[in-house]
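Chain by chain, the residues run as shown.
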Amino acid sequence: QISVMSATAGFVVSGDYAWCLMVAAIMALQVLLQGFAIGRQRKRVFSKEFFAKNFPKEAYPKGGYPDMGNGKYGQKLSMADWKAFNNYQRAHYNYVEGVASAITLELICGLFRPGVAVVLGLLYIFGRMIYAFGYRSAGPKGRTVGAITIDICLVAFLYFTFTSAFAAGGGVDGFLSLIKATGQEFGVQI
């Protein structure tokens with residue numbers, strides 16, 4: 001148990017919830033590592049040699065920026081390099097698109113069900129590894145097992161998060177009580 005106090009507020013982080021924080025941090029690290037993987041691909045396909053051959057009059061833009069694989073530079077890639085680059089790119093972007101939801105659900109679910117949140121978070125991380133490996137090695141069809149794992153985790157996260165928050169808030173009676181109290185704050189009788 002860790003207590004954090006300031007002049008205006010304080011809170012206590014239980015040992016169990018600390019593991020939820022660790023899982024959320026691992027998710028953030030994992031998405032960064034995905035970025036490094038696409039960075040290596042970028043350097044490979046958009047090399048100095050590539051630019052000397054295809055754009056000899058242009059200054060070498062290190063890594064081919066701002067091309068994200070479908071622009072002016074990407075059009076000159078071989079089909080194999082274009083597919084490989086874009087498969088890496090999609091594996092990373094898909095994680096970027098979903099990481100905020102995953103971390104949010106990890107942290108909220110963990111407030112009520114830390115053990116469940118840790119297990120689901122670790123399964124989500126594992127699913128992301130499978131997804132990225134599959135997408136990078138076999139394209140969109142290679143992501144299926146990882147995508148199913150991720151989706152099952154997200155649905156379970158949503159279920160446990162909503163049911164736990166609903167119960168902690170007192171269910172329907174608690175919600176109605178909150179609405180009445182809020183109305184009274186503004187002078188409205190509900």
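Read on for a plain summary of the structure. (Residues numbered from 1 in each chain as written. Predicted model: local features only at pLDDT ≥ 70, side-chain atom pairs only at ≥ 80, totals over all residues. Heavy atoms only, no water.)

### Some thoughts on a nonpolar patch on the surface
- A surface patch of nonpolar side chains, amounting to about 910 Å² of accessible area, comprises Phe166, Val172, Phe175, Leu176, Leu178, Ile179, Phe186, Val188 and Ile190.
- In this structure, Ile179 sits in helix H6 (residues 171-185).
- Accessibility expressed as a relative area gives 33% for Ile179, which makes it partly exposed. (Patch = residues over 30% accessible without salt bridge, like charges linked within 9 Å, V, L, I, M, F, W, Y side chains within 5 Å. Areas by Shrake-Rupley, 256 points an atom, 1.4 Å probe, with all protein chains shown as cover. Salt bridge = Lys/Arg side-chain N within 4 Å of Asp/Glu carboxyl O. Helix = DSSP H or I, 4+ residues; strand = E, 2+ residues; numbered from the N terminus. Buried < 20%, exposed > 50% of the residue type's maximum accessible area, 1.4 Å probe, protein only.)

### Examining the packing of helix H1 (residues 15-45) against helix H3 (residues 79-112)
- Here H1 crosses H3 at 170°, and the two axes come no closer than 9 Å. Relative to H3, the element H1 is oriented roughly antiparallel. (Axes fitted to C-alpha atoms, helices over the stretch in contact; angles between N-to-C directions. Parallel < 35°, antiparallel > 145°, perpendicular 65-115°, else oblique.)

### Overview of H3
- A rise of 1.5 Å per residue sets the reference length of H3, with its 34 residues, at 50 Å; its end C-alpha atoms lie 49 Å apart and thus fit the reference within 8%.
- Of all the bends in H3, the largest measures some 45° and sits at Gly98. (Expected span 1.5 Å × (residues − 1). Bend = angle between axes of the 7 residues up to and from the residue.)

### Examining the nonpolar core
- Counting 26 residues, the largest nonpolar core has Met27, Tyr95, Tyr124 and Phe157 as its most contacted members.
- Considering every element that reaches this core, the biggest residue donor is helix H4 (residues 114-138), with eight residues.
- Residue contacts for Tyr124: discarding those within four places in its chain leaves Met27, Tyr95, Gly98, Ala102, Ile150, Cys153 and Leu154.
- Counting eleven residues, the second largest nonpolar core, distinct from the first, contains Ala37, Phe50, Leu77 and Tyr88. (Core = buried A, V, L, I, M, F, W, Y, C linked by side-chain atoms within 4.5 Å. Contact = heavy atoms within 4.5 Å.)

### Thoughts on the environment of Gln34
- Here Gln34 is to be found in helix H1.
- Setting aside its immediate chain neighbours within four residues, Gln34 contacts Ala91, His92, Tyr95, Arg128, Ala132 and Arg136.

### So, the state of the cysteines
- Applying the stated criterion to the full structure yields zero disulfides.
- Looking at the unpaired Cys20, the closest cysteine sulfur is the one in Cys109, lying at 7.4 Å.
- Judged by its relative accessible area of 0%, Cys20 falls in the buried class.
- For Cys153, which is in no disulfide, the shortest distance to another cysteine sulfur is to Cys109 and amounts to 11 Å. (Disulfide = S-S within 2.5 Å.)

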